[in-house]
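The lines below spell out each chain.
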Amino acid sequence: MMKFASPLIDEATIEGVADVLRSGHITSGPWVERFEAALSLFCEGRPVRVVTSATAAIEVALQLCDIGPGDEVITCAQSFFTVLNMIVKQGATPVFVDCDLVTRNIDLAAVEARIGPRTRAIVPTHWPGSLADMDALYRLARERGIRVIEDAALVIGSRYNGRPIGAIGDITTFSFHPNKNMTSIEGGALVVNDAGEARRVDVLRFHGIERLADGTRDVAFPGGKFNLPDVNARIGIEQLARLPGFLAHRRELVVRYFERFPARFGCVLPPRPVEGDGQSWNMFCILLPDGPPGSREAFRDALAARGIATGVSYEALHLSTLGRRFGYQRGDLPNAERIAGRTVTLPLHAAMSVDDVDRVCAACEQALDAVSP
Ligand SMILES: Cc1ncc(COP(=O)(O)O)c(C=O)c1O
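Residues numbered from 1 in each chain as written. Predicted model: local features only at pLDDT ≥ 70, side-chain atom pairs only at ≥ 80, totals over all residues. Heavy atoms only, no water.

1. Some remarks on empty space enclosed by the protein
As enumerated under the stated definition, the model contains two cavities of 30 Å³ or more in all. Approximately 80 Å³ is the volume found for the largest cavity. Val-102, Thr-103, Arg-104, Trp-127, Pro-128, Pro-270, Pro-271, Trp-281, Met-283, Phe-284 and Cys-285 are the residues that line the largest cavity. Here the lining of the largest cavity is built from residues that sort into nine nonpolar, one polar and one charged. The calculated volume of the second largest cavity comes to roughly 60 Å³. Ser-6, Pro-7, Leu-8, Pro-178, Lys-180, Asn-181, Met-182, Thr-183, Gln-239, Phe-246, Arg-250 and Ala-350 together form the lining of the second largest cavity. Looking at side-chain class alone, the lining of the second largest cavity contains six nonpolar, four polar and two charged residues. (1 Å grid on protein atoms, 1.4 Å probe; cavity = no way out; pocket = protein on both sides within 12 Å on 5 of 7 lines; lining within 4 Å. Points joined across faces, edges and corners; volume = space filled by probe spheres on them. Nonpolar A, V, L, I, M, F, W, Y, C, P; charged D, E, K, R; others polar.)

And the structure:
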């Protein structure tokens, strides 16, 4: 079975992990500090703190921005459940807006229309192949003193106006889940604005414990426990060094998808890569043409029967049971809903070959023939 996502771990990394295990210091320690320093360098010197997942990073980021009951957070309905969950977990109200059908990035005109007196933050998810329009986003946010938490789980390595994502903006969060551009098994990071915010993250990610001047410890609120172990950081460092190679290979595979994917069925593809566009490719998501209920599942089954695994990214958050609690219903956000019903994530990862892409495209052609009316 060809996986739709898979990490690439080399022998040097496995040796490095073995060394950490032998060292006797396996939870957060020197390797975490080194991983944070390497990530900070990658983000042009901005402070970075690593945590156990991007989910934890978003939770800590919302806490860092003092988001709580009574606050509204504007976010896009086309994203992973994490974003909805963490906003609600803080006691805040998610305000969903739609996305672009092709890029899947947040609709900034809709964001502007939904900004109100209780809006405290905007949480856009950046998509592979194209980032949210950061100039417009920050113009909106900064004029009104609204915080921005960029969910960059899918796009570490993408560039905006030539600069790496994470080097610009307010708070940026990354994921190092094995499906992402680089991994630390599980893991995530937040890029913050200054040393003061980084110190607050240190407290928020470790029980809320403050060390007092007299050497004693105290907690003033119920903090979480999100510190990344050194074993994971050791993997992350190695992966970060290999990231440019992973991204170049992923891009080569995407270029091949554009060459070989059958055009005659009218699937909507992501934005076509353009030389020097600075975009990274974590996923290759296609949108099937409209069809009868169950035809997406039939398409996925037909690919599975040919040994090709696929995914669905993502459901429409506002139509989840949790999302509906805030009064949303079908028809509110048409693009997010259409994507949720017709999207399929095809295999794309650094361990694949160009021949694998050809195999997927040939299988897609057969499967689309089989399910087309
Ligand atoms: C867009 C997006 N944001 C956040 C996350 C959460 O990442 P993690 O699994 O590291 O918590 C994911 C996970 O797949 C994601 O796809």
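2. Side note on the packing of aromatic side chains
Inspection of the entire model under this criterion finds eight aromatic pairs. Summarising the aromatic geometry, the rings of Phe-80 and Phe-81 are spaced 5.9 Å apart at their centres and angled 55 degrees between planes, so their arrangement reads as tilted. Taken together, a centroid distance of 6.4 Å and an interplanar angle of 45 degrees make the contact between Trp-281 and Phe-284 tilted. Comparing Trp-281 with Phe-284 shows no difference in burial state: the two are buried. Within the aromatic cluster, the residues linked to one another by ring pairs are Phe-80, Phe-81, Trp-127 and Tyr-314. (Phe/Tyr/Trp six-rings, centres within 6.5 Å; stacked < 30°, edge-to-face > 60°. Buried < 20%, exposed > 50% of the residue type's maximum accessible area, 1.4 Å probe, protein only.)

3. Observations concerning the site of the ligand
Residues in close proximity to the ligand total 14 residues, the closest being Ala-54, Thr-55, Ser-175, Lys-180 and Tyr-314. A distance of 2.8 Å is found between an oxygen atom of the ligand and a side-chain nitrogen or oxygen belonging to Lys-180. A distance of 2.6 Å separates an oxygen atom of the ligand from a polar side-chain atom of Tyr-314. Relative to its unbound accessible surface of 390 Å², the ligand loses 91% to contact with the protein. Grouping the constituent residues of the shell around the ligand by class yields five nonpolar, seven polar and two charged. (Near = heavy atom within 4 Å. Polar contact = N/O pair within 3.5 Å; in protein donor to acceptor, adjacent residues only side chain to side chain. Areas by Shrake-Rupley, 256 points an atom, 1.4 Å probe, with all protein chains shown as cover.)

4. Focus: the nonpolar core
In globular proteins that are soluble, nonpolar side chains generally tend to be buried together. Phe-35, Leu-39, Ile-106, Val-111, Phe-174 and Phe-176 are the most contacted members of the largest nonpolar core, which has 58 residues in total. Take this core: its biggest share by element is six residues, from helix 6 (residues 134–144). Every residue in contact with Phe-174, bar those within four places of it in the chain, is listed here: Cys-43, Ala-54, Ala-152, Ala-153, Ile-156, Ile-165, Gly-166, Gly-187, Gly-188, Ala-189 and Val-191. Formed by 28 residues, the second largest nonpolar core is a distinct cluster that contains Leu-303, Leu-346, Leu-348 and Cys-361. (Core = buried A, V, L, I, M, F, W, Y, C linked by side-chain atoms within 4.5 Å. Helix = DSSP H or I, 4+ residues; strand = E, 2+ residues; numbered from the N terminus. Contact = heavy atoms within 4.5 Å.)

5. Some thoughts on the side chain of Ser-53
By secondary structure assignment, the location of Ser-53 is in the loop between strand 1 (48–51) and helix 3 (54–64). Within polar-contact distance, the side chain of Ser-53 engages the backbone nitrogen of Ala-56 at 2.9 Å.

6. Section: the environment of Trp-127
Mapped onto the elements of the fold, Trp-127 is located in the loop between strand 4 (119–123) and helix 6. What makes Trp-127 buried here is its relative accessible area of 3%. Separated by 23 residues in sequence, Trp-127 and Glu-150 have C-alpha atoms that sit 11 Å apart. Aside from chain neighbours lying at most four places away, what touches Trp-127 is Gln-78, Thr-103, Arg-104, Asn-105, Leu-154, Val-155, Met-283, Cys-285, Ser-313 and Tyr-314.

7. Thoughts on the pairing of strand 5 (residues 147–151)
Counted residue by residue, strand 5 has four buried out of five residues, so it is predominantly covered. Bridge count between strand 4 and strand 5: two bridges; the pairing is parallel. Opposite Ile-122, over in strand 5, you have Val-148 as the bridge partner. In this fold, the crossover linking strand 4 to strand 5 by way of helix 6 has right-handed handedness. (Pairing = 2+ DSSP bridges. Right-handed = clockwise from strand over helix to strand, strands pointing away.)

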